[in-house]
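Listed below, chain by chain, are the residues.
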Amino acid sequence: MQFKELPLHQKILKAVAEARFHKPTLVQRRAIPEILNKKNVIVSAQTGTGKTAAFALPIINLLFDKQDVEKDEKKIKALVITPTRELAIQILANFKSYSKYSNLRSTAVFGGVSLEPQKEILAKGVDILIATPGRLIDLHMQGNIDLSQLEIFVLDEADLMLDMGFINDIKKIEKHCPRKKQTLLFSATIPEKIDELAKTLLKNAVKVDINPEETTAKNIGQLLYYLPKKNKTDLCLHLLRNTINGKIIIFRRTKFGVDKLEQTLLKNGYTVASIHGDKSQGVRNKAIEDFKSKKASILIATDVAARGIDITNVDAIINFDIPNVPETYVHRIGRTGRAGKSGIAFSFCSPDENNYIKDIETLIEKPIKVIDEHPYPINKPKHTKKQSNTVSKHKKSRKSAASKKKKKRWY
Ligand code: AMP
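Below is a short write-up of the structure. Everything quoted here is computed from the prediction, not taken from an experiment.

**Looking at the packing of helix 4 (residues 85-98) against helix 12 (residues 281-292)**
Okay, step 1: It is the contact of helix 4 with helix 12, at a shortest axis distance of 11 Å, that shows an interaxial angle of 55 degrees. What the angle tells us is that helix 4 and helix 12 run oblique. Here the hand of the crossing between helix 4 and helix 12 comes out right-handed. Here Arg85, Glu86 and Ile89 of helix 4 lie close against helix 12, whose contacting residues are Gln281, Arg284, Asn285 and Ile288.
Okay, step 2: Taken together, the residues of the contact of helix 4 with helix 12 break down into 2 nonpolar, 2 polar and 3 charged.

**Notes on the sheet that holds strand 2 (residues 78-81)**
Okay, step 1: Read from one edge of the open sheet, 7 strands run 3-4-2-5-6-1-7, paired in parallel fashion. Of all the strands in the sheet, just strand 3 (106-109) and strand 7 (206-209) have a single pairing partner and so form its edges. On average, adjacent strands in this sheet sit at an angle of 15 degrees to one another, irrespective of strand direction.
Okay, step 2: Strand direction decides the pairing type here: strand 1 (residues 41-44) and strand 7, joined by 4 bridges, are parallel. In the strand pairing of strand 7, Ser44 is matched with Asp209.

**With respect to the packing of helix 2 (residues 26-36) against helix 3 (residues 51-64)**
Two numbers describe a pair of packed helices, the interaxial angle and the distance between the axes.
Okay, step 1: Between helix 2 and helix 3, the shortest axis-to-axis distance is 9 Å and the interhelical angle comes to 25 degrees. Of the possible angle classes, the one that applies to helix 2 and helix 3 is roughly parallel. Viewed along their axes, helix 2 and helix 3 form a crossing whose handedness is right-handed. From helix 2, Val27, Gln28, Ala31, Ile32, Ile35 and Leu36 reach across to helix 3, where they touch Lys51, Ala53, Ala54, Phe55, Leu57, Pro58, Asn61 and Leu62.

**Description of the nonpolar core**
Burial of nonpolar side chains together is a common tendency in soluble globular proteins.
Okay, step 1: The biggest cluster of nonpolar side chains holds 43 residues, and the ones touching the most others in it are Phe55, Leu57, Ile59, Phe95, Ile130 and Leu184.
Okay, step 2: When sequence neighbours within four positions are dropped, the list of residues in contact with Ile130 reads Val80, Thr82, Ala88, Ile91, Leu92, Phe95, Thr107, Ala108 and Val109.

**Observations regarding the sheet that holds strand 11 (residues 298-301)**
Okay, step 1: Taking strand neighbours across the sheet as the criterion, the 7 strands line up as 10-11-9-12-13-8-14 in an open arrangement whose pairing is parallel. With partners counted over all chains shown, the strands left at the sheet margins are strand 10 (272-275) and strand 14 (369-370), one partner each.
Okay, step 2: Relative to strand 13 (residues 343-349), strand 8 (residues 220-226) runs parallel, the two being bridged by 7 bridges. When the sheet's bridge partners are listed, Gln222 is paired in strand 13 with Ala345.
Okay, step 3: Helix-sheet contacts for helix 10 (residues 232-242) involve strand 8, strand 9 (248-251), strand 11, strand 12 (316-319) and strand 13, and the interaxial angle to strand 13 is about 155 degrees.
Okay, step 4: Here helix 15 (residues 354-364) sits on the sheet in contact with strand 8 and strand 13, set at roughly 160 degrees to strand 8.

**Things to note about unusual backbone geometry**
Okay, step 1: The residue Glu157 is not glycine, and still its phi comes out positive at about 50 degrees.
Okay, step 2: A residue is classified by how much of its surface remains accessible, and Glu157, at 1% relative accessible area, is buried.
Okay, step 3: Of note in this structure, Lys294 is not a glycine but carries a positive phi near 70 degrees.

**Details of the environment of Lys294**
Okay, step 1: In this fold, Lys294 is placed in the loop between helix 12 and strand 11.
Okay, step 2: When its relative accessible area of 61% is taken as the criterion, Lys294 is described as exposed.

**Thoughts on helix 2**
Okay, step 1: Of the positions making up helix 2, those classed as buried are Leu26, Val27, Gln28, Ala31, Ile32, Ile35 and Leu36.
Okay, step 2: Contact partners of the buried residues in helix 2: strand 1, helix 3, strand 6 (182-187) and strand 7.
Okay, step 3: Two residues or fewer past helix 2, Lys38 is found with a positive phi of approximately 65 degrees.

What counts, and at which threshold
Residues numbered from 1 in each chain as written. Predicted model: local features only at pLDDT ≥ 70, side-chain atom pairs only at ≥ 80, totals over all residues. Heavy atoms only, no water. Axes fitted to C-alpha atoms, helices over the stretch in contact; angles between N-to-C directions. Helix = DSSP H or I, 4+ residues; strand = E, 2+ residues; numbered from the N terminus. Parallel < 35°, antiparallel > 145°, perpendicular 65-115°, else oblique. Left-handed = near helix turned anticlockwise from the far one by under 90°. Contact = heavy atoms within 4.5 Å. Nonpolar A, V, L, I, M, F, W, Y, C, P; charged D, E, K, R; others polar. Pairing = 2+ DSSP bridges. Core = buried A, V, L, I, M, F, W, Y, C linked by side-chain atoms within 4.5 Å. Buried < 20%, exposed > 50% of the residue type's maximum accessible area, 1.4 Å probe, protein only.

Below is the structure:
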């Protein structure tokens, strides 16, 4: 299927062609027609699948014909709520790029920066607003945002918003929007709580499910190293010297772990950038820019800081710590192998993390290839996965994994 087969305005297709997108991705093929038909849609898709364009393109199209008639209108027509500032910036860049041949006005508001410039832009009138929940509520309470004429309401990365405790904020915001509107919910996974939220917010929704087997996992090599915890830094250095080249993202579970590894890699002469929740917005933006422009070849990150950030051409992922929530593993390795490119993910598992690997293998429904030949081997754990058990265990494991999620925020 070509983009021109989708009923999108010529000027949008022109912008898409300039973005060098040749064919719509799977999520785009499935979601765009439903959104254009003004349906409420629940999409489960990972980042990296092209999901931002899957909602941005039809939203621009739906608003396209109204733009000139209602040019002076100060009321927001489409609102995209997203959990992090980085995502807000990225989504805005997508909207700007695809709507460049329209008069639609878009902006992003998020915390951690001064309110005044955001208020000034809003005062001039905005059609499409991308926002993080806290700043959106602040600006709404101060009377800078009018949602009374909202036509399209989008929740992006809904599962992450839930994890970050934004659920009540979202419900609060939704109460200020008209009852009659189109609602779109995007989530990497649809755990029970998202399903409940969806039932209250989206009536008669169409479901579009792009599961990981069809997307991220397919073109990503996955390798597993069993080793003692104390040797993880040594193995990391060993692989960086001998095996892994190019742009690399290393995931660590804690902010402390990120800082510590950054110091070690810097001392060993690597160009490194890092992001986590304790760093200011300016520092995080600079780190991402440095990594994108190849000033830094390694980015070290916690999960929440990195989730959803669109960094293309990542050659390898290192799971320095194994995530305790199996879906996080899929999100992490989804940073590489994006938009059809191949990539490789290295996972370091110490004995205390063996159970996490079991949960991950259950989720991805296959064993990860174990590499025994490295300088710090230990015996593999006794569990051997039986493929036949995996599907029935699948749902159970998702639930148990979710209940294992830490209340305390380490990221
Ligand atoms: P997303 O899942 O929205 O974060 O998108 C992941 C990456 O895929 C981004 O760099 C997009 O610019 C890119 N992308 C989105 N749609 C397409 C497409 N149809 N063809 C090629 N790349 C795309």
